[in-house]
Amino acid sequence: MISQDLQTVSIDLADRSYTIAIRGSLFDNPLSYAQLPKAASALIVTNTTVGPLYAERLQKALLLHYAQVHTVALPDGEAFKTWDSLNLIFDALLQHGCDRKTVLFALGGGVVGDMTGFAAACYMRGVPFVQVPTTLLAQVDSSVGGKTAINHPLGKNMIGAFYQPLKVVCDLDTLKTLPARELSAGLAEVIKYGPIADMDFFAWLEANIDAVLAREPAALAHVVRRSCEIKAWVVGLDERESGLRAILNFGHTFGHAIEAGLGFGTWLHGEAVGCGMVMAAQLSQRLGYVDAFFVHRLTALIAKAGLPVQAPVLDAFGNAARYLALMGLDKKAEAGEIKFVLIEQPGRAVVRAAPSAEVCQVIDACTAKTI
Ligand code: NAD
Ligand code: GLY
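Computed from a predicted structure; not experimentally measured.

A.B. asks: Which residues make up the site of ligand 2, and what are the values?
C.D. replies: The full set of residues close to ligand 2 is Asp-141, Lys-147, Lys-192, Lys-231, Glu-241, Arg-245 and Leu-248. Asp-141 places a polar side-chain atom, nitrogen or oxygen, 3.1 Å from a nitrogen atom of ligand 2. Within the contact set of ligand 2, an oxygen atom lies 2.6 Å away from a side-chain nitrogen or oxygen of Lys-231. With the chains in place, 89% of the 200 Å² that ligand 2 exposes on its own is no longer accessible. Its residues assigned to classes, the shell around ligand 2 comprises one nonpolar, no polar and six charged.

Written out as structure tokens, the structure is:
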């Protein structure tokens, strides 16, 4: 067990406020769920990888609160973040006669969390749900803030809803079974908080990246808590992304193009975001906002975290054009104008359009020369 004191972070959203609990030995402790509204049944939504590891223990804990606890295991992977998988959740809810008080528990990474949240937003026009994130990425980002979605073949997270969970239970012990590649992917969303909001945290990461990669309990606890605090601050000010919240998409305009262009699941979301941050930082430098030293620091930390810093070729004959076409489908685009999260100065981000010529130069400079 990771023996740490219980840490909590609050998301302040009036009647949609909730708490993130962070520690080891949490997800299978019945006390973690003691304050939730009463209901006759619960549904654990997980996948075929995480379910065999953790679903039985969660079910046992939940049976102290709900007479019936069902489980549905979705196929694993970004490629399955689809209508078909979503329907498996609705099938389970209906087959088990779940009513509108039934609580859904998302046990897994961001894919399971985003789909469970969307299913909860839709079933009977809205049922409560709890996030039990088991990847670093989900603990530091996707389980917090109420963005839920599935992918469309033409664009990432294009079909979804804002729908907040009742609680987030981040059990640091679950990170012990996470593959190293997935830990690195989660670090992309951790590193992003530095350039957009907190360069002291960035410096801490530079100094402690080895401890984080070695999964030292105190380092992981700090990473999850500080990331959640920053996300809570942003979401508390702009829940529905009318402005500020878009800064959380640093690296995502380029990154989503990589994910969609290669086919969902080829690069992990965090890998695409890591490389996308390098590209967005280079664009920020070309526009005169940050200097080469900042771009070098960021690129070095992303590489040290085990993430790619060179972008893939998406089209052998019109690579930049292909990137531009895919980025035109980004949710931040307005009237066809692509918007980027740019670093105005280290620790402060802005959302702006950029001249196509500069964007193409960045794509050319960052793209790996071989396919
Ligand atoms: P994921 O959900 O696919 O999980 C990664 C892999 O790790 C999967 O194979 C999963 O089965 C496995 N896994 C999960 N927990 C494990 C554990 N404890 N031990 C062993 N294996 C485990 O990917 P992810 O990186 O967690 O999430 C990426 C998704 O999150 C993307 O779809 C992205 O769009 C979304 N996202 C959403 C938000 C948001 O605000 N809602 C923010 C960032 C990312
Ligand atoms: N991960 C982006 C957001 O939550 O807004």
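A.B. asks: Pulling in residues and values, what's your account of the pattern of salt bridges?
C.D. replies: Under the defined criterion, the tally for this structure stands at 21 salt bridges. For Glu-229, the salt bridge identified is with Arg-226, shortest N-O distance 2.8 Å. Of the two residues, Glu-229 and Arg-226 both sit in helix α8 (residues 217-237), three residues apart, roughly one turn of that helix. A relative accessible area of 26% places Glu-229 in the partly exposed class.

A.B. asks: Talk me through a nonpolar patch on the surface; I want residue IDs and the actual numbers.
C.D. replies: Residues Leu-154, Met-158 and Leu-329 make up a contiguous nonpolar surface patch of roughly 270 Å² in combined accessible area. Residue position: Met-158 is located in strand β8 (residues 155-162). Classification of Met-158 by relative accessible area gives partly exposed; the value is 33%.

A.B. asks: Talk me through the packing of helix α9 (residues 252-262) against helix α10 (residues 269-286); I want residue IDs and the actual numbers.
C.D. replies: Two numbers describe how α9 lies on α10: the axes approach to 7 Å, and their chain directions differ by 135°. Classified by the angle their axes make, α9 and α10 are oblique. Judged by the twist between their axes, the crossing of α9 over α10 is right-handed. Note on element contacts: α10 touches α9 through His-269, Ala-272, Val-273, Cys-275, Gly-276, Met-279, Ala-280 and Leu-283, opposite His-252, Phe-254, Gly-255, His-256, Ile-258 and Glu-259.

A.B. asks: An account of empty space enclosed by the protein is needed here, citing residue identities and associated values.
C.D. replies: Applying the stated criterion across every chain yields a total of two cavities of 30 Å³ or more. Lining the largest cavity we find 13 residues, and of these Gly-155, Lys-156, His-256, Leu-326 and Leu-329 sit closest to its centre. For the lining of the largest cavity, the element with the most residues is α9, which contributes four residues. Size it by volume and the second largest cavity reaches roughly 40 Å³. Gly-113, Asp-114, Phe-129, Gln-131, Ser-142, Ser-143, Gly-146, Lys-147, Thr-148 and Pro-165 are the residues that line the second largest cavity. Those elements that provide at least two residues to the lining of the second largest cavity are α3 (110-122), β6 (129-133) and β7 (147-152).

A.B. asks: How would you sum up the environment of His-296? Please name residues and give values.
C.D. replies: Inspection of the secondary structure puts His-296 in helix α11 (residues 292-304). Given the relative accessible area of 53%, His-296 is considered exposed. Along the backbone, His-296 and Glu-344 are 48 residues apart, and their C-alpha atoms lie at a distance of 16 Å.

A.B. asks: Talk me through the packing of aromatic side chains; I want residue IDs and the actual numbers.
C.D. replies: Applying the stated criterion to the full structure yields seven aromatic pairs. Look at Tyr-66 and Phe-105: their rings are 5.9 Å apart centre to centre, the planes differ by 70°, and that puts the pair in the edge-to-face class. Residue Tyr-66 is located in the loop between α1 (50-62) and β4 (68-74), and its partner Phe-105 is located in strand β5 (residues 103-108); the two are separated by 39 residues in the primary sequence. Phe-105 shares its class with Tyr-66; the two are buried.

A.B. asks: Please provide a residue-by-residue account of the site of ligand 1, values included.
C.D. replies: Of all residues adjacent to ligand 1, which total 28 residues, the nearest are Glu-78, Lys-81, Thr-134, Thr-135 and Thr-177. In this structure, Lys-81 approaches ligand 1 through a side-chain N or O atom, which is 2.7 Å from an oxygen atom. Between ligand 1 and Thr-174 there is a distance of 2.9 Å, counted from a nitrogen atom to a backbone nitrogen or oxygen. Relative to its free-state accessible area of 870 Å², ligand 1 is covered by the protein chains to the extent of 92%. Those elements that place two or more of their residues in the shell around ligand 1 are α1, α3, α4 (136-142), β8 and α5 (180-191). Across the shell around ligand 1, the residue classes tally to seven nonpolar, 11 polar and 10 charged.

Thresholds applied
Residues numbered from 1 in each chain as written. Chains lettered and ligands numbered in written order. Predicted model: local features only at pLDDT ≥ 70, side-chain atom pairs only at ≥ 80, totals over all residues. Heavy atoms only, no water. Near = heavy atom within 4 Å. Polar contact = N/O pair within 3.5 Å; in protein donor to acceptor, adjacent residues only side chain to side chain. Areas by Shrake-Rupley, 256 points an atom, 1.4 Å probe, with all protein chains shown as cover. Nonpolar A, V, L, I, M, F, W, Y, C, P; charged D, E, K, R; others polar. Salt bridge = Lys/Arg side-chain N within 4 Å of Asp/Glu carboxyl O. Helix = DSSP H or I, 4+ residues; strand = E, 2+ residues; numbered from the N terminus. Buried < 20%, exposed > 50% of the residue type's maximum accessible area, 1.4 Å probe, protein only. Patch = residues over 30% accessible without salt bridge, like charges linked within 9 Å, V, L, I, M, F, W, Y side chains within 5 Å. Axes fitted to C-alpha atoms, helices over the stretch in contact; angles between N-to-C directions. Parallel < 35°, antiparallel > 145°, perpendicular 65-115°, else oblique. Left-handed = near helix turned anticlockwise from the far one by under 90°. Contact = heavy atoms within 4.5 Å. 1 Å grid on protein atoms, 1.4 Å probe; cavity = no way out; pocket = protein on both sides within 12 Å on 5 of 7 lines; lining within 4 Å. Points joined across faces, edges and corners; volume = space filled by probe spheres on them. Phe/Tyr/Trp six-rings, centres within 6.5 Å; stacked < 30°, edge-to-face > 60°.

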